[in-house]
Amino acid sequence: MSFLGPQLRAYLEFMVAMGYSSFGNSFHRSLARDLDYYLVFRSVAKVKEIDEGLVANWMHAVASLAPGSKNQKLRFARGFLRHLARQGLARDNPAERIPYLKFADPKPHIYTLLEIHEILQEAGRYKRKHPGSLLGWTLETMILLIYACGLRISEALNLRIKDVDFTENTLSLWRTKFHKERLVPFSPVVAKKLAAYLAVRDKHRPPSGTEEPFFPSRAGKYHRSTIEHHFRKILVRCGLAKPKGRGAPRIHDLRHAFAVHRLYKWYQDGCDPLNKLPLLSTYMGHVNIESTQFYLTITQALLREGDRRFQTGFEGVVDKVLRRALDNP
């Protein structure tokens, strides 16, 4: 509706073409639409009228918005105005002079193996409670696949029947973040689970071809928000989240748990986790190894916490045993 409407649309398309697939989802479209409405509301008709004050007022227009959400608006404005400057439509980027709000970054929840088992058990109960529905089977299988293969939820949702190769036990992942197409091997256990799901899927929603989604909904393909909604309900029943409010673990944290557990297993096997990072980075489809090093920090923190708990619980016992051994050589 604003004079920059075509440029906002072109910016979203440009970012998706550059590999930032999230700019094609409803969240970034809503940010573009909100900025578009705000420009109309403030009767802004020229790029030179967009200054620091206007960007800051748009950023803080909703006082109750969380600091992280306000930073997301600022990040969007910075990127869009930078895009206009590259095209010669803006002289500078006033949003760059506005600092981000400070707040504690939410840490990923690293699910324990017991928690993952409980989540899968709860999804299985939904499956048994609603035998005529495919949703329970979908949730159980998708949760297992995301954790076992370290997938992004978008990669699981975009998976087609033809992308699952039961001969080689590999997933072919296309249209991923930053266009990092890759082959992901999966274990015989996962293969058995995927085959069982596909058999049930054929009964509930027989596919017309292999191009169809591996995880189908009545409308064709599940939307991310639908899966996240049902996943949160599972977490509530498992006692891992409250019915309302923020701060609950995310389904994306299953991918974090996969990476940390894999590094921890290498540590247990006597391998140097640092030397294994390139393998993990390639497997997870990261654009660079720096993204994978983030998990190494989490793994080291867990090891320190485990060492602290061991010392707290058993240090006194070990000291007594050592003293007895020294007194009775």
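The coordinates are above.
Residues numbered from 1 in each chain as written. Predicted model: local features only at pLDDT ≥ 70, side-chain atom pairs only at ≥ 80, totals over all residues. Heavy atoms only, no water.

Enquirer: Can you walk me through the side chain of H286 in this structure?
Expert: Tracing the sequence through the fold places H286 in the loop between α11 (273–284) and α12 (289–327). For H286, a relative accessible area of 10% gives the class buried. There is a polar contact of 3.3 Å between the side chain of H286 and the side chain of R255. (Helix = DSSP H or I, 4+ residues; strand = E, 2+ residues; numbered from the N terminus. Buried < 20%, exposed > 50% of the residue type's maximum accessible area, 1.4 Å probe, protein only. Polar contact = N/O pair within 3.5 Å; in protein donor to acceptor, adjacent residues only side chain to side chain.)

Enquirer: For this particular structure, what's the right way to read the pattern of salt bridges?
Expert: Pairing between side chains becomes possible if they bear opposite charge and their charged atoms approach one another. Within the structure shown, the criterion is met by 18 salt bridges. Across the pair E155 and R182 runs a salt bridge whose closest N-O atoms are separated by 2.9 Å. Within this pair, whereas E155 is found in helix α7 (residues 153–157), its partner R182 is found in strand β3 (residues 182–185), the two being separated by 27 residues in sequence. Residue E155 is classed as buried on the basis of its relative accessible area, which comes to 5%. (Salt bridge = Lys/Arg side-chain N within 4 Å of Asp/Glu carboxyl O.)

Enquirer: Is there a simple way to explain unusual backbone geometry in this structure?
Expert: Most peptide bonds take the trans form, and the phi angle of most residues other than glycine is negative. Positive phi, normally seen in glycine, also occurs at S43, with a value near 55°. Along the chain, the position of S43 falls in the loop between α2 (26–41) and α3 (52–59). Of note, N169 is a non-glycine position whose phi angle comes to about 55°, a positive value. With respect to the helices, strands and loops of the structure, N169 is situated in the loop between β1 (164–165) and β2 (170–173). For N169, a relative accessible area of 18% translates into the label buried.

Enquirer: Could you clarify how one ought to interpret helix α8 (residues 188–204) in this entry?
Expert: Given 3.6 residues per turn, any residue in an α-helix points the same way as the ones three and four places further on. Taking 1.5 Å as the rise per residue, α8 with 17 residues should run 24 Å; its terminal C-alpha atoms sit 25 Å apart, in good agreement. Among all positions in α8, only V190, A191, L194, Y197, L198, V200 and R201 are buried. Among the structural elements, α6 (135–149), β1, β2 and β4 (216–217) are those in contact with the buried residues of α8. (Expected span 1.5 Å × (residues − 1). Contact = heavy atoms within 4.5 Å.)

Enquirer: Help me understand the sheet that holds β3 in this model?
Expert: Backbone-to-backbone hydrogen bonds join strands into a sheet, with any given pair of strands oriented parallel or antiparallel. In space, the three strands of this open sheet follow the order β1-β2-β3, with antiparallel pairing throughout. Of all strands in the sheet, those with a lone pairing partner are β1 and β3, marking the two edges. (Pairing = 2+ DSSP bridges.)

Enquirer: Got a minute to help me understand empty space enclosed by the protein in this structure?
Expert: A water-sized probe rolled over the atoms picks out the places where empty space is left. The full count for this structure, using the stated rule, is three cavities of 30 Å³ or more. Every residue lining the largest cavity is listed: L35, L39, I50, L54, V55, W58, A77, F80 and L81. If you list the elements that add at least two residues to the lining of the largest cavity, you get α2, α3 and α4 (67–86). Grouping the constituent residues of the lining of the largest cavity by class yields nine nonpolar, no polar and no charged. Here the second largest cavity defines a volume of roughly 50 Å³. Taken together, E155, N158, L159, D163, S172, L173, W174, R175 and T176 form the lining of the second largest cavity. (1 Å grid on protein atoms, 1.4 Å probe; cavity = no way out; pocket = protein on both sides within 12 Å on 5 of 7 lines; lining within 4 Å. Points joined across faces, edges and corners; volume = space filled by probe spheres on them. Nonpolar A, V, L, I, M, F, W, Y, C, P; charged D, E, K, R; others polar.)

Enquirer: Would you mind going over the pairing of β2 with me for this structure?
Expert: For a regular strand, the rule is simple: side chains alternate between the two faces of the sheet. Taking every second residue as pointing to the same face, both faces of β2 are buried, with T170 and S172 on one and L171 and L173 on the other. Pairing geometry for β1 and β2, over two bridges, is antiparallel. Bridge pairing in β2 places D165 opposite T170. As consecutive antiparallel partners, β1 and β2 are separated by four residues, and within that stretch N169 has a phi angle of approximately 55°, a positive value. Relative to β3, β2 runs antiparallel, the two sharing four bridges. Within the sheet, the bridge partner assigned to L171 lies in β3 and is V184.

Enquirer: I would appreciate a short explanation of the nonpolar core in the present structure.
Expert: The nonpolar side chains of a soluble globular protein tend to be buried with one another. One finds Y111, L145, L171, F214 and L254 to be the most contacted residues of the largest nonpolar core, which totals 57 residues. Of all the elements, α6 adds the most residues to this core, at nine residues. The contact partners of L145, leaving out residues within four places of it in the chain, are G150, L151, L159, L171, V190, L194 and F215. M15, L39, V44 and F76 belong to the second-largest nonpolar core, a separate cluster that totals 27 residues. (Core = buried A, V, L, I, M, F, W, Y, C linked by side-chain atoms within 4.5 Å.)

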